[in-house]
Amino acid sequence: MRKYLLIILAVVSILACNPRNKKKKTKSGPINRFMTYHNTLFNSKEALAAEMESRDKAHVDNFYDPYISVYTTEDVAQETNSFSGGSNSAMQSDMPISPVRGASRSSRNAASSNFVDSQTMSSVGGGNNSQSGNANKKGATILEITEAKASKAITKYSVLVNGVEKNKKIFDAYILLAKARMYQGKHLESLDALTYLFNTMSKDKRLPLAHIYKAANYTKLKEYYRADEVFKNLEENPKIKLKKEHLRIMKVYQADNFLKWGKKELAAEVLEDAFTYNKDRRTKSRIAFLRGQILSNLNRKDEARESFAAAYKYANSYEFEVKSQIEIAKTFDGKADSYEEAMAYLANIAKKGTYASRKNELFYASGLVATSAAKDSIADSFFRKALKEKQSDPQIRGLTYSEIAKKYFAKDDYLTAGVYYDSALAVMTYLPEKERLTSLTANIKKLSKNYYVIKKNDSILNLAKMSPDQQRDYFSKYIEKIKAKEEAAELEQRRADRSKGFDNNDYNANSIFANNSSDANSFQNFGITGGSTFYFANSNNIPRGENAFRQTWGNRTLSDNWRYSAKTTTIEELKNEALGLANAPDPRRLEPEFYIEQIPTSREVLGTLKKERDTASLGMGRMYESFFGNTKLATKTLFDLVEVKPDEETDLQALYNIFVFNYEKSPADAEKAKQLILEKYPYTSYAEYVKNPKNKDFNKSTADVEKLYADAYKLYETEKFAESSAIIEKAIADNPKDALVPKFYLLNAYNAGKNAGKEIMILQLEQIVLNYAKTPEGLKAKELLKYLKSDVKLELTDESGNAISQNAQQPQQQPNAEELERAKQLRQDLDQNERGAMAPSTGPGIPGASAKMDGGSLQKVQAISPEKIKK
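Residues numbered from 1 in each chain as written. Predicted model: local features only at pLDDT ≥ 70, side-chain atom pairs only at ≥ 80, totals over all residues. Heavy atoms only, no water.

Looking at the overall build of the protein
Here comes step 1: For the protein, the helix and strand inventory stands at 36 helices and 4 strands.
Here comes step 2: For the protein, buried positions account for 44% of its 871 residues.
Here comes step 3: Partitioning the contacts of the protein with sequence separation of at least 6, the portion at a separation of at least 24 is 61%.
Here comes step 4: Carbon and sulfur atoms make up 51% of the accessible area of the protein, which amounts to about 48800 Å² in all. (Helix = DSSP H or I, 4+ residues; strand = E, 2+ residues; numbered from the N terminus. Buried < 20%, exposed > 50% of the residue type's maximum accessible area, 1.4 Å probe, protein only. Contact = heavy atoms within 4.5 Å. Areas by Shrake-Rupley, 256 points an atom, 1.4 Å probe, with all protein chains shown as cover.)

A closer look at helix H16 (residues 359-372)
Here comes step 1: Spanning 14 residues, H16 covers 20 Å between terminal C-alpha atoms, matching the ideal 20 Å at 1.5 Å per step.
Here comes step 2: Of all 14 residues in H16, 11 are buried; the element is thus mostly enclosed.
Here comes step 3: Within H16, burial applies to Asn360, Glu361, Leu362, Phe363, Tyr364, Ala365, Ser366, Gly367, Leu368, Val369 and Ala370.
Here comes step 4: Taken together, the buried residues of H16 touch helix H14 (318-330), helix H15 (339-351), helix H17 (376-388) and helix H18 (394-410). (Expected span 1.5 Å × (residues − 1).)

Points about the pattern of salt bridges
Here comes step 1: One pass over the full model with this rule turns up 40 salt bridges.
Here comes step 2: Linking Asp256 and Lys260 is a salt bridge whose minimum nitrogen-to-oxygen distance equals 3.4 Å. Taken together, the residues Asp256 and Lys260, both in helix H10 (residues 244-261) and 4 residues apart, mark about one turn of the helix.
Here comes step 3: You can call Lys260 buried: its relative accessible area is 19%.
Here comes step 4: What emerges from the salt-bridge pattern is a single network uniting Glu319, Lys323, Arg358, Glu361 and Asp393. (Salt bridge = Lys/Arg side-chain N within 4 Å of Asp/Glu carboxyl O.)

Considerations on unusual backbone geometry
Here comes step 1: You will see that Asp412, though not glycine, has its phi angle at about 65°, which is positive.
Here comes step 2: Tracing the chain through its elements places Asp412 in the loop between H18 and helix H19 (414-427).
Here comes step 3: Within the chain, Glu719 stands out as a residue other than glycine whose phi angle is a positive 65°.
Here comes step 4: In this structure, Glu719 sits in the loop between helix H30 (703-717) and helix H31 (721-734).

A closer look at the nonpolar core
Here comes step 1: Formed by 72 residues in total, the largest nonpolar core has its most connected members in Val369 and Tyr624.
Here comes step 2: If we ignore the near neighbours within four places in the chain, the residues touching Tyr624 are Tyr414, Leu447, Gly629, Asn630, Leu633, Ala634 and Thr637.
Here comes step 3: By size, the runner-up hydrophobic cluster in this structure holds 39 residues, among which are Leu143, Leu191, Ala193 and Tyr253. (Core = buried A, V, L, I, M, F, W, Y, C linked by side-chain atoms within 4.5 Å.)

Things to note about the packing of aromatic side chains
Each aromatic ring pair is described using two quantities: the centre-to-centre distance and the angle formed by the ring planes.
Here comes step 1: The full count for this structure, using the stated rule, is 31 aromatic pairs.
Here comes step 2: Seen from their ring centres, Phe659 and Tyr689 are 6.2 Å apart, and the 80° between their planes marks the pair as edge-to-face. Remark: Tyr689 occurs in helix H29 (residues 685-691) and Phe659 occurs in helix H27 (residues 648-662); sequence separation between them is 30 residues.
Here comes step 3: Judged by its relative accessible area of 3%, Phe659 falls in the buried class. (Phe/Tyr/Trp six-rings, centres within 6.5 Å; stacked < 30°, edge-to-face > 60°.)

Quick word on a nonpolar patch on the surface
Here comes step 1: A surface patch of nonpolar side chains, about 440 Å² in accessible area, is lined by Tyr4, Ile7, Val11 and Leu15.
Here comes step 2: Relative to the elements of secondary structure, Tyr4 occurs in helix H1 (residues 2-17). (Patch = residues over 30% accessible without salt bridge, like charges linked within 9 Å, V, L, I, M, F, W, Y side chains within 5 Å.)

So, H18
Here comes step 1: The end-to-end C-alpha distance of H18, which contains 17 residues, comes to 24 Å, matching closely the 24 Å that a straight helix rising 1.5 Å per residue would cover.
Here comes step 2: The element H18 is largely enclosed, with a buried count of 12 among its 17 residues.
Here comes step 3: By the burial criterion, the buried members of H18 are Gln395, Ile396, Arg397, Gly398, Leu399, Thr400, Tyr401, Ser402, Glu403, Ile404, Ala405 and Lys407.
Here comes step 4: Structurally, H18 contributes buried residues whose contacts are with H14, H16, H17, H19 and helix H20 (431-465).
Here comes step 5: Put simply, Asp393 is the residue that caps the front of H18, since its side-chain oxygen is 3.0 Å from the backbone nitrogen of Gln395.
Here comes step 6: With its phi angle positive at about 65°, Asp412 sits one or two positions after the end of H18. (Polar contact = N/O pair within 3.5 Å; in protein donor to acceptor, adjacent residues only side chain to side chain.)

Observations concerning the side chain of Lys407
Here comes step 1: Within the secondary structure, Lys407 sits in helix H18.
Here comes step 2: Excluding anything up to four places from it in sequence, Lys407 contacts Thr371, Asp376, Ala379 and Phe383.

Some words on the packing of H30 against helix H32 (residues 741-755)
Here comes step 1: One way to put it is that H30 packs onto H32 with a least axis distance of 11 Å and a crossing angle of 15°. Between H30 and H32, the interaxial angle falls into the category roughly parallel. The element H30 and its partner H32 pack so that their crossing is left-handed. On the side of H30, the interface is formed by Val705, Leu708, Tyr709, Ala712, Tyr713 and Tyr716, while H32 contributes Lys743, Phe744, Leu747, Tyr750, Asn751 and Lys754. (Axes fitted to C-alpha atoms, helices over the stretch in contact; angles between N-to-C directions. Parallel < 35°, antiparallel > 145°, perpendicular 65-115°, else oblique. Left-handed = near helix turned anticlockwise from the far one by under 90°.)

A short note on the packing of H30 against H31
Here comes step 1: Here H30 crosses H31 at 160°, and the two axes come no closer than 7 Å. By the criterion of interaxial angle, the relationship of H30 to H31 is roughly antiparallel. In terms of crossing hand, the pair formed by H30 and H31 is left-handed. Contacts between H30 and H31 pair Leu708, Asp711, Ala712, Leu715 and Tyr716 from the former with Phe721, Glu723, Ser724, Ile727, Ile728 and Ala731 from the latter.

A short note on the environment of Arg588
Here comes step 1: One can find Arg588 in the loop between helix H23 (571-579) and helix H24 (592-596).
Here comes step 2: If we skip the residues at most four places from it in the chain, Arg588 touches Glu593, Phe594 and Glu597.

Side note on the environment of Lys665
Here comes step 1: Turning to its location among the elements, Lys665 is positioned in the loop between H27 and helix H28 (667-680).
Here comes step 2: The spacing of Lys665 and Thr631 is 34 residues in sequence and 8.4 Å in space, taken between C-alpha atoms.
Here comes step 3: When residues no more than four places from it in sequence are discounted, the contact partners of Lys665 are Glu625 and Thr631.
Here comes step 4: At 3.3 Å, the side chain of Lys665 and the side chain of Glu625 are in polar contact.
Here comes step 5: Looking at Lys665, its side chain comes within polar contact range of the side chain of Thr631, at 2.9 Å.

Examining the confidence of the model for the protein
Detailed conclusions should not be drawn from predicted coordinates in areas where pLDDT is low.
Here comes step 1: Residues with a pLDDT of 70 or more make up 70% of the protein, whose mean pLDDT is 76.
Here comes step 2: Of all the helices and strands in the protein, helix H3 (residues 118-121) carries the lowest mean pLDDT, 36, while helix H26 (residues 631-643) carries the highest, 94.
Here comes step 3: Counted against residues more than four places away or in other chains, residues 792-801, with its pLDDT under 50, gives 16 contacts. (pLDDT = per-residue confidence, 0-100.)

A short note on the environment of Asp204
Here comes step 1: Examined against the element boundaries, Asp204 turns out to sit in the loop between helix H7 (187-200) and helix H8 (207-220).
Here comes step 2: Separated by 33 residues in the primary sequence, Asp204 and Phe171 have C-alpha atoms spaced 8.6 Å apart.
Here comes step 3: Ignoring sequence-local partners within four residues, the contact set of Asp204 consists of Lys168 and Phe171.
Here comes step 4: Polar contacts involving the side chain of Asp204 include one to the main-chain amide nitrogen of Arg206, which spans 2.8 Å.

Spelled out as C-alpha cells, the structure:
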C-alpha cells in the first residue's frame, strides 16, 4: 500500500513540475468594458467634446457665401467650400463632424498633460508617430489627443478572438478615432479605422453609424458616386435598420454629398427630410436656411420663402432672424406678391425693440422689396435711411452702397456710381463680391480720368476763345460764387462751434476757453459736461481727425498692416488731380488775373490740349463698349467726337469703331459711319474693310479648294500673277467660309506686290490684319507690314509726271543694328523655301520688276507653298 502511495505521489510531483500552456482568458466581460471606458476612452471623448464646444463658439456664419453650414465645428482651413460640420450636440459620441463655410478657429490644448502623457503621444500607431512627436514638442492639439487616447484604448483593451472583436467598447474607440482623423483631414486613415469595424464587428447594431462616416469621408475626398452608393445601401438594404439618431446625421451628410455633386434638386429634397428628423431648434433653423438658399438658387422663390420663414421661426439669435428676413425680401416678386403687405410686415419687425441695433439691415431689406416692385424712389429712400442708422454688419453696409450705385449705373451715370462703389469697397468683407467691385471700379476710374481730362481741356479751350473782357466778366462771376460759398461755410462752422460751446468771440472768465482745468466745461475737456477728456466724446473732433488722417494717409481700407497696403484712389481724388484742384486754397483765388494769366495763348499748346481732349474722347467711347457694353452711349460719344473735327487718324479710328460696334446691333449707325469712311478715306484699308467685313468662322478646307490654292501658287511661281489672282478671287467668292481663305488673301497680296507695287501690297496686308488678326496669316501680314512700311518712300512728281529727287530735302536714315537684325530674321523666314534666290541686304523690297526701292534692288518674295498648308 505504501509502495503505491509513493508511486502516486511521484507521478503527481512530476506533473506538477512539468511546464504547460495556459489557455488565454478573454477579458470581454463587464469589468473589461468598464475599465476600457473609464481608464482611457472617457478622456478621449471629453477631449473631443471640448474641441467641439470651442469650435462652435468660435464659428462665425458667412451669409454671403452661396450656402451656409448646417453644423458649425469644422475648421475652414481644411475645406472652405463645404457646408456640413458638427453642432452643439456633436459633443455626443454619435454626432457628426463635417465641413462648414464660415470662420472658425482650432482650439489648442493649454494643458495637454491633463489628458495624455508623452509616452501615450509617442505610441500613436501607424504613420502618425512623426506627427505625434512634433505635436508633443509644440503642444498637441485636442484632436491629436483624442486620436492618441482612442488608439491607446484599442491597444490596451482590444479582445480579438478568431477575427471577432469581443469588447463592445472598442466600437466607440474606433468611431472616435475615425472622427478625430476625419476632422483633421486624414480621410484615408479614417477609412482604415472604419474598415476594421466592418471586418471585426460586422454584426454590431451600431454599424450604420460607421457607414455614414464612411460616406462622409468619400464626400470629402470628392468621391461623390461612391458616397452615394453607401447612402443608397443604407436606405435600401432590408437587413440594415436605421435608428432616428442615425437618420438625423445621414440626411445632412447625404444632402452635403448631393450639393457638392451639383445635384441641387436632390439636395433640397433630402434637406426636407433632415428638417423633419432633427428636433434641435438651432439645427432645424440652419437646415431650413440652407434649403432656402438652394431653392432660391433654383429660382423656386415661393418654396424658398417658406423655407426662410421656417428658419426665422426656429432661429436662436437675432442675427439669424434678421438675415432670414433679408433672404425673404430677396424672394419678393413684384408682379405676383403684395407690395403693401410685404412692406408692412418689415415695418412691424423694424419697430420691435429687439431689432433696434439692426434697423439698418431691415431698411436694406425694405429697399430690396421696393426695388423688386420697381419703386425706385422709395427704394432709394430706404437705402439712404439704412446708411443713416448705426452699422451692424459691414457687408450689409457695403451692399447698401452698392444698391444705390446700381441706380446711377443703370442711368449711365458711371462717375456717381463709382463714388458709391468706392464707399462699398471700403467696408465690404466678402471677398468674391469685393473682387468683382474692385474690377468694376477700376474700369470706372479709367473712364473718369478721361472724362475729367475732356472737361478740363474743353473749359480751357472755351476760355481761350473768349475776349479779355469776356474772360474778366466770367471770372468775376466765378469769384462771387466762391465768396458766397465760403461765407456760407464759415457761418455754418460758427453755428456748429457755438452749439458745442466753442464761441470764439467769448474769452471771459465763464467761457470754456478760460484756463480753468477744474471746470467741467474747460477747453481741456473739449466742452463735454462731466469732465470727460476722452477724444471721441466730442463729435467735433471726429471729422477733424478724419480729415487730418485722410490728408496724411489717403483713403485706406481697415485691414492688418494698413500702413503698408496700397493706397486707394477715389473718384474724387482722380477728379481733383485731372482738374488741377488743390486741397489748400490759393491766397489769390479772389483775383480775376490769377485765372486769366493761366489761360494758354500759344497755338501749339492749344493744339496739344485739343489733341488730348480728342484722344480722351475716343478712349471714352471705346470704354463704354468694352467695359460696360453700352453701345448706344459709345456711339453717341464717338459721333460727338467726329463733329468737333479731330485730326484724321482720330477721326478715322472713331468712325471705324462706330462701324464695328454697330455692324450687327444698329445697321443704321454702321451704315452712316461706313459712308463717312468711304467719303473721307476711300483709299485706306478701313475703307476696304467696311465694304466687305469678313466672317471669321471657317469650316475645314476641302480637297477642291486645296487644289485651287495649289494651282494659284504654281501660277505665282511661274510669274503669272494676273492668272493667279483670277483663280484666287473666284475661289474666295465660291468658298467664303473655307479654312484657306486667309491664305488665299495673303497669296493675293504677294501677287499685288508683284503686279501693282509695294503700296498696293501694303494696303492688302492691312486688310488681312484687320480681318484675320489672330490667324497665322494675320500675324505674318502684321510682321511684313512692320518692315515694308519702314521702306515706303513718298515719290514727288512734277506736273508732267517726272520724279522729283528728295535727296536734298531728306537725308537717308541708316538703319540701326536692331532693325538690321530684325530684317535679317524676316528675310530668312520669307525665303526658307526659296530655290536659290537670295534677298538683298536691305530686306524684302517691292515684289515687282518695275518697283523702286531705296537701294534700287529687286527681290523675289516667297508665298506660302501648298506643302506648308498641310503642316
